[in-house]
Each structure stands twice: as C-alpha cells, then as structure tokens.
Amino acid sequence: MTLAETSKDTCSKNPFLTLKYEPALESLGDDYYDEVVAAKFPLHILRWRNDALLPRLGLNPQAVTDEDFIVAFGKFEGRIPLLALRYHGYQFGEYNPLLGDGRGFLYGQVRGRDGNLYDFGTKGSGKTPYSRGGDGMLTLKGGVREILAAEMLNAMGVRTSRCLSVVETGLSLWRGDEPSPTRSCVMVRMSRSHIRFGTFERLHYFQRPDLTKKLLDHVIEQYYSHLVDEAEKYACFYAELVKRIAELVAQWMATGFCHGVLNTDNMSITGEGFDYGPYAFIPNYDPYFTAAYFDYYKRYCYINQPQICKENLELLQQALKAVISPADMEAGLRMFDECYLAEYQRLMWKKLGFVQQLPPREAEELLKATIAFLKHYPVSYHHFFADIAQGFSRKWQEDASEILRESEIGKSLGKSELFQHWSGVYHRILSNFTSGEELETIAQTLLCSNPKITIVRPVIESVWEPIAQEDNWQPFYDLVKQIQSSACTKQF
Ligand code: AMP
Ligand code: MG
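Rules and cut-offs
- Residues numbered from 1 in each chain as written.
- Chains lettered and ligands numbered in written order.
- Predicted model: local features only at pLDDT ≥ 70, side-chain atom pairs only at ≥ 80, totals over all residues.
- Heavy atoms only, no water.
- Helix = DSSP H or I, 4+ residues; strand = E, 2+ residues; numbered from the N terminus.
- Rg over C-alpha atoms; globule rule 2.2 N^0.38 Å.
- Buried < 20%, exposed > 50% of the residue type's maximum accessible area, 1.4 Å probe, protein only.
- Contact = heavy atoms within 4.5 Å.
- Areas by Shrake-Rupley, 256 points an atom, 1.4 Å probe, with all protein chains shown as cover.
- Salt bridge = Lys/Arg side-chain N within 4 Å of Asp/Glu carboxyl O.
- Core = buried A, V, L, I, M, F, W, Y, C linked by side-chain atoms within 4.5 Å.
- Donors = N, O, S within 2.8 Å, 3.2 Å for Na, K, Ca; no water.
- Phe/Tyr/Trp six-rings, centres within 6.5 Å; stacked < 30°, edge-to-face > 60°.
- Lys NZ or Arg CZ within 6 Å of the ring centre and 35° of its normal.
- Near = heavy atom within 4 Å.
- Polar contact = N/O pair within 3.5 Å; in protein donor to acceptor, adjacent residues only side chain to side chain.

Notes on the overall build of the protein
Move 1: Broken down by element type, the protein carries 17 helices and 12 strands.
Move 2: In summary, the protein has a C-alpha radius of gyration of 24 Å against a globular reference of 23 Å for 492 residues, a match within 12%.
Move 3: Each of the three principal axes of the protein carries a C-alpha extent, and together these read 75 × 60 × 40 Å.
Move 4: When each of the 492 residues of the protein is scored for burial, the buried share is 57%.
Move 5: Put simply, of all contacts in the protein between residues at least 6 apart along the chain, 72% involve residues at least 24 apart.
Move 6: Only carbon and sulfur atoms are counted for the fraction: they give 51% of the accessible area of the protein, which is about 21400 Å².

Digging into the pattern of salt bridges
Move 1: Enumeration according to the criterion identifies 28 salt bridges in this entry.
Move 2: Across the pair Glu22 and Arg111 runs a salt bridge, and its minimum N-O distance is 2.9 Å. With Glu22 in the loop between helix H1 (3–13) and strand S1 (33–36) and Arg111 in strand S6 (residues 106–111), this pair connects stretches of sequence that are 89 residues apart.
Move 3: Residue classification places Arg111 among the partly exposed residues on the basis of a relative accessible area of 31%.
Move 4: Between Glu406 and Arg405 there is a salt bridge; the shortest N-O distance is 3.7 Å.
Move 5: By relative accessible area, which is 61% here, Glu406 ends up exposed.
Move 6: Judged by its relative accessible area of 43%, Arg405 falls in the partly exposed class.

As for the nonpolar core
Move 1: Among the nonpolar cores identified, the biggest contains 127 residues, and Leu148, Phe237, Trp422 and Tyr426 are the most heavily contacted of them.
Move 2: Among the elements that make up this core, the one with the highest residue count is helix H6 (residues 233–255) (13 residues).
Move 3: Setting aside residues up to four positions removed in sequence, Trp422 forms contacts with Leu352, Leu366, Ala369, Thr370, Phe384, Ile388, Ile403 and Leu404.

What to know about the coordination of the magnesium ion (ligand 2)
Move 1: At 1.9 to 2.2 Å from the magnesium ion (ligand 2) lie its protein donor atoms, namely Asn266 (OD1) and Asp275 (OD). For the pair formed by Asn266 and Asp275, the shared burial category is buried.

Notes on the packing of aromatic side chains
We describe a pair of aromatic rings using the distance from one ring centre to the other and the angle between the two ring planes.
Move 1: Applying the stated criterion across every chain, the model contains 41 aromatic pairs.
Move 2: Seen from their ring centres, Tyr285 and Tyr381 are 6.2 Å apart, and the 40 degrees between their planes marks the pair as tilted. One end of the pair, Tyr285, is in the loop between strand S12 (280–281) and helix H7 (305–320); the other, Tyr381, is in helix H11 (residues 381–391), with 96 residues separating them in the sequence. Accessibility assignment for this pair places Tyr285 and Tyr381 in one class, buried.
Move 3: Across from the ring centre of Tyr118, 5.6 Å away, lies the NZ or CZ of Arg192, which sits over that ring.
Move 4: Stacked on the ring of Phe385, the Lys or Arg Lys351 has its end atom at 4.7 Å from the ring centre.

Considering the site of ligand 1
Move 1: In the vicinity of ligand 1, 16 residues are found, and the nearest of them are Gly100, Gly102, Asp135, Gly136 and Asp275.
Move 2: Between a nitrogen atom of ligand 1 and a main-chain N or O atom of Met137, the distance comes to 3.5 Å.

Quick look at the environment of Phe281
Move 1: One can find Phe281 in strand S12.
Move 2: Residues Phe281 and Tyr381 lie 100 residues apart in sequence; the distance between their C-alpha atoms is 9.2 Å.
Move 3: Each residue touching Phe281, except ones within four places of it in the same chain, is listed here: Met152, Leu153, Met156, Thr255, Gly256, Phe257, Ile455 and Val456.

Keep in mind that these numbers describe shape and distance, not what the molecule does.
Right, dumping it as structure tokens:
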C-alpha cells in the first residue's frame, strides 16, 4: 500500500470521519466563514478524550481508538471544508471589527442521538485570516483549564460546551501570562453552536439585513425549533434568548463561577456558556473578584456578570433590529431581572437543601443571611456549602447550635453574630416548616447540589504542576474522573 492509500484506509475506518456531518452552517453560503487549512504539527499525543460524550454521537467508546482521535482531531486528515467563522464583538465595551476565529475553525456539525445539532470547533489549530498578530495556537495549560471548567460546570448542571479532545502538538509557545516557552495543544470543543452575539454584530456593521435574517432563520430552525411556526417567532426568539442567558448567568453566580471575559464574541446565541480562558471559581464570596489579570477596571468581576450579560443582550438589539421590532426586544429584555432573580434564588435555596416551597419571607431572609455571612468572612464559598451537605443531620432541626458544629467554619466562626443569625434562620426553617420526611429530601438535595470537589485555582495548579514538572497526568485524570462522577443525575 502507498502512503496515500494507507492514509485513505485509516480515514475510511475512523469513526469520526464516517460520522454523518450536516453542512448546516456551510449551506448558508460563504458570507459567514472562510475556508482554512489546519496547521501541521511536529507531534501528536492524545492527552484527553472525553468518552462521556461519545454515546451522544452514537459511538461506542470501546470502538474508538486513541489513533482515531489523533487522526481526526490532531492531524485533521480527511475532512474538508474547515471553516473559520467570521464575527466581530464588543470587547471590554469597545467595538472590535477585527475579530473572527483566529486560532480555530468549525470542524463539522453532527446531529446527536438526542436530536440536537452539535458543533465540533477547534482551538489552537493554526492561523487563519483572523489571527492578526497571534500565532493561532493554544497553550497546553489553556486546554487543560478549559476541560476542567466545562466538566465542572456540566457536573453542576450548568449549560456549557464540553471538550471532546486535547492533543498535545509539540510546539513551544511564548505567552506573557505563563512561564514561557510553554507547550502547545489543539482542543476540540463540542457545543450547541459557535454562532455568537458578535456574529450578528458583524452583519449589522456591514449593513446586511438580508444576511442577518438568513442567519436568524437558521438559528431559530436549529436551536429554537419549537418557535418555527410561531406567528411572532422573532420576538419569541429574543425573549427566549433573554431567558436562557438570564438562567445561565444565574447558574454561574450560584456555582461561584466567574467567566472572566464576557465580551459579546464569547456569548453564544444558544444561551450556552463556552470559551473558558482566564475563568475562575471564586475562592470566597468577594463580589469584586476578577478572573482576568488584564481586566484592570474589574469590568467582568463576579458580581457584575448579570448586569454585563443584560447589557450584551441590549447591545445585540442593535444588530437584530433589522429583523425584530425594537419594542418587542425591549419587552423581552424587561424580563431579564425577574428571570435572573427567580433562577438565582431557586438555585441558592437548592444549595441550602430546599426544593419545596418555603414561606417567601423566610426563604428571602435565609438567602440574605447566607450572603451576609459569606461576604463578611473570607470563608471558602465552596466549602461552606460542601460542609453543609456533608454534615447535615436531623439534630440541626432540634438545635441551632448543632449546625456546622463539626466543621472548621463552625468551629472558628460559630460564635460570630453573622453565623449565629444565619444558623438561627436555618434552624427556624428546619423546625417550623420542614417535616421529618422532608429532612431526607433536604439531605439528598444538599449532596446533589454541592459536590465535594472544587476546581478553585489552587486545585487546578495542583494538577497542572505534575504535568508541567514531570509530565505526570495522573492527578489531572483523577480529578476529571472525580468531577464527572460527582454529577448528580437526580432531578429535583
Ligand atoms: P478569546 O479571548 O480567546 O475569546 O479570543 C479573542 C479573539 O482573539 C478571537 O478572535 C480569537 O480567535 C483571537 N485569538 C486569541 N488568541 C489567539 C492566538 N493565539 N492566535 C490567534 N488569534 C487569537
Ligand atoms: Mg473567544
């Protein structure tokens, strides 16, 4: 067999290359993308394969080899066209018309077993017409960090893209924010869509209402298909997008997630979170915690996230007014605060164990007391809830002083006024409004809503260090396994 024949043979048997790709975006025409070629790399080592996603693609993980991943998602053999998507965006409040996929492309789109269309999008796969001064590459640590963010968020029930694979590619990269030179990789991300708010902003910039409408029809057909036959489908779409984004940011706030770079090119039109660069889970409830070191004015700090998402939705109105009436969009946006608050409260009460209806005054007081305590003392946001989940006992219903008595937080701060107030309200709700039977549900809800595991920065560093120092991936694999198995499948 010649080399070309061998390569053809590898491709024809590769399950990723025999998937039935749907040219959904491609069929809209080349106003939305540029065809590109992937970089050639000196090395291909598969560092991560997300077997948990394969059944959704109709693939049996046991039937997929590491080499299949490498050929498809490291060497990019046998698949054309690869599409660098065009988009603009507001970055830190300034409009930037020089964006676009600068280090990635849309590899293909596949319909999952669940009926949803999924994108395979790359990051770190080489230069494109949009790379500007960039090298088109992704650092290995960047790949590792995005895997962790996506798996953790997914395990906590947050709508997110996932990473399908990471292949180390053997280049030395220079970066200002990592000890350089540093290792390179290419990541493949599986998401509902890579169409961003900024994709529409670009079409508005070029004054192309025709292309805006075409793309919006496509978005509704693929990602809001229940609205296709609605008389007011465009208004309904915007209203639903507002709801999805409000819920997404409420999920981030409740889980203590700080995205870091909420530019409009990082906001998906499907309302799914994606693109996790300098993100961080908050170590403690510091409203002004800022994830990106280059965010000098704390624009995207933890507490600003809901307002920023709302502003991004408002900016999007400019781009969509070619198709959707401004009055309809205004009406849609007015629902943001209510949707956000309802979802945030629901999730926070759930983190405290409550899924049943509580008297509103009591529920609100509990939440206020919780935040007041967490804001005043630099206790770990994660451990506070994890300790409640691990330590919850029937005794808490009988005696307020039992609450978190065994935990470090209780031992060190149990006598403080804010703790006493919080545990007093918690105890009052447990004793006045909770039956014996409900205690069991509370215990389960707590365990489900507050995984033991966290990926605050020191935890990420603790698995990155062995990789960087001695190429030891085991701690990282163990952590991902723990995260994936912490996912709660029980519905409340
Ligand atoms: P991000 O901050 O990752 O959302 O990226 C913002 C923009 O910069 C996008 O258009 C990226 O494609 C581009 N970009 C980021 N890093 C690089 C890089 N190393 N090479 C080329 N383009 C990049
Ligand atoms: Mg981005």
